[in-house]
Amino acid sequence: MMKNIPQTLLMSLILASSAVSSVTCAQTPSAASVGSANPETTRGYSAENAEKMKEHMAKHQADMHDRLKITSAQEPAWKTFTQAMVPVNMPPRPQELDVEKLTTPERMALSIARMKQHEAMMQTRLNAVKTLYAVLTPEQQKIFDEGHNRMRKDMQERMARQMDKDSK
């Protein structure tokens, strides 16, 4: 179980960024918002899973756009926002055998470097959320917040189920 803690923390960061992006992205899957991620390497998913992820994200984007009733004046901020939410291809995760060959300080340094990459990605997404949020009306902000909170709770439940499964 201790071996799974770093993986669980890393997955938490990935899921958190995915939750923000899947709840809050664009009206239609454009080449810029969906096709730019290489399905062969998107976060280590297979090409098939990457395609499913993009389709799922596009569906949420369209749904949120409609629920928020984005106006033409808000559309530029929405477009900028959705482009920032495109899944980023993170460097491949080191193979477990390679990590086992590293010393403890080297493994910790590697973990910190990966966390910094995730933090930079999350900061970019936070800036995009703030920019969009600033142009939303209070009613739209409430819808946006409710959607994100629902996704956050769903993610926490999925993570808890996975941790229960991993501990058995």
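Before reading further, recall that the structure is shown in the block above.
Figured I'd write up the structure that's included with this text.

Conventions adopted
- Residues numbered from 1 in each chain as written.
- Predicted model: local features only at pLDDT ≥ 70, side-chain atom pairs only at ≥ 80, totals over all residues.
- Heavy atoms only, no water.
- Helix = DSSP H or I, 4+ residues; strand = E, 2+ residues; numbered from the N terminus.
- Buried < 20%, exposed > 50% of the residue type's maximum accessible area, 1.4 Å probe, protein only.
- Contact = heavy atoms within 4.5 Å.
- Areas by Shrake-Rupley, 256 points an atom, 1.4 Å probe, with all protein chains shown as cover.
- Salt bridge = Lys/Arg side-chain N within 4 Å of Asp/Glu carboxyl O.
- Phe/Tyr/Trp six-rings, centres within 6.5 Å; stacked < 30°, edge-to-face > 60°.
- Axes fitted to C-alpha atoms, helices over the stretch in contact; angles between N-to-C directions.
- Parallel < 35°, antiparallel > 145°, perpendicular 65-115°, else oblique.
- Left-handed = near helix turned anticlockwise from the far one by under 90°.
- Nonpolar A, V, L, I, M, F, W, Y, C, P; charged D, E, K, R; others polar.
- Expected span 1.5 Å × (residues − 1).
- Core = buried A, V, L, I, M, F, W, Y, C linked by side-chain atoms within 4.5 Å.
- Polar contact = N/O pair within 3.5 Å; in protein donor to acceptor, adjacent residues only side chain to side chain.

## Things to note about the overall build of the chain
Consideration 1: Scanning the chain from terminus to terminus reveals seven helices and zero strands.
Consideration 2: The secondary structure elements of the chain, listed N-terminal to C-terminal, are α-α-α-α-α-α-α.
Consideration 3: Looking at the 168 residues of the chain, the share that counts as buried comes to 33%.
Consideration 4: Put simply, 78% of the contacts in the chain that link residues at least 6 apart link residues at least 24 apart.
Consideration 5: About 10,400 Å² of surface is accessible on the chain, with carbon and sulfur atoms providing 60% of the total.

## Observations concerning the pattern of salt bridges
Consideration 1: Tallied over the entire structure, the rule returns two salt bridges.
Consideration 2: The closest approach of N and O atoms between E51 and K54, which form a salt bridge, is 3.0 Å. Here E51 and its partner K54 are both found in helix α3 (residues 47-68), three residues apart, which amounts to about one turn of the helix.
Consideration 3: Relative accessible area serves as the criterion here: at 34%, E51 is assigned to the partly exposed category.
Consideration 4: Using a relative accessible area of 10% as the deciding quantity, one classes K54 as buried.
Consideration 5: For R67, the salt bridge identified is with D63, shortest N-O distance 3.1 Å. Placement of the pair is R67 and D63 together in helix α3, with a separation of four residues, close to one helical turn.

## A word on the packing of aromatic side chains
We describe a pair of aromatic rings using the distance from one ring centre to the other and the angle between the two ring planes.
Consideration 1: Per the stated rule, a full pass over the model turns up three aromatic pairs.
Consideration 2: Between F81 and F144 the ring centres are 6.1 Å apart and the planes differ by 65°, which places this aromatic pair in the edge-to-face class. Of the two residues, F81 sits in helix α4 (residues 75-84) while F144 sits in helix α7 (residues 138-167), which places them 63 residues apart along the sequence.
Consideration 3: Under the relative-accessibility criterion, F81 is labelled buried at 0%.
Consideration 4: Centre to centre, the rings of Y133 and F144 are 5.9 Å apart; their planes meet at 70°, and the pair counts as edge-to-face. Of the two residues, Y133 is situated in helix α6 (residues 104-135) and F144 in helix α7; the sequence distance between them amounts to 11 residues.
Consideration 5: A relative accessible area of 25% means that Y133 is categorised as partly exposed.

## A short note on the packing of α4 against α6
Consideration 1: Relative to each other, α4 and α6 sit at 160°, their axes nearing to 9 Å. With respect to each other, α4 and α6 are oriented roughly antiparallel. Here α4 and α6 pass one another in a crossing that is left-handed. Across from A77, W78, F81 and A84 in α4, the residues of α6 making contact are R125, A128, V129, L132 and V135.
Consideration 2: Within the contact of α4 with α6, the residues separate by chemical class into eight nonpolar, no polar and one charged.

## What about α7?
Consideration 1: With 30 residues, α7 extends 43 Å from end C-alpha to end C-alpha; this agrees with the ideal 44 Å at 1.5 Å per step.
Consideration 2: Listed as buried for α7 are Q140, Q141, I143, F144, G147, M151, M155 and M159.

## Focus on the nonpolar core
Consideration 1: With 14 residues, the main nonpolar core has L68, W78, F81, M85, L132 and F144 as its most contacted residues.
Consideration 2: At the level of elements, α3, α4, α6 and α7 are the ones that each hand at least two residues to this core.
Consideration 3: Beyond its immediate sequence surroundings of up to four residues, L68 is in contact with W78, Q140, I143 and F144.

## Structural notes on the side chain of H60
Consideration 1: Residue placement: H60 occurs in helix α3.
Consideration 2: Assessed through its relative accessible area of 19%, H60 is described here as buried.
Consideration 3: In this structure the side chain of H60 is engaged in a polar contact, spanning 3.0 Å, whose partner is the side chain of H56.

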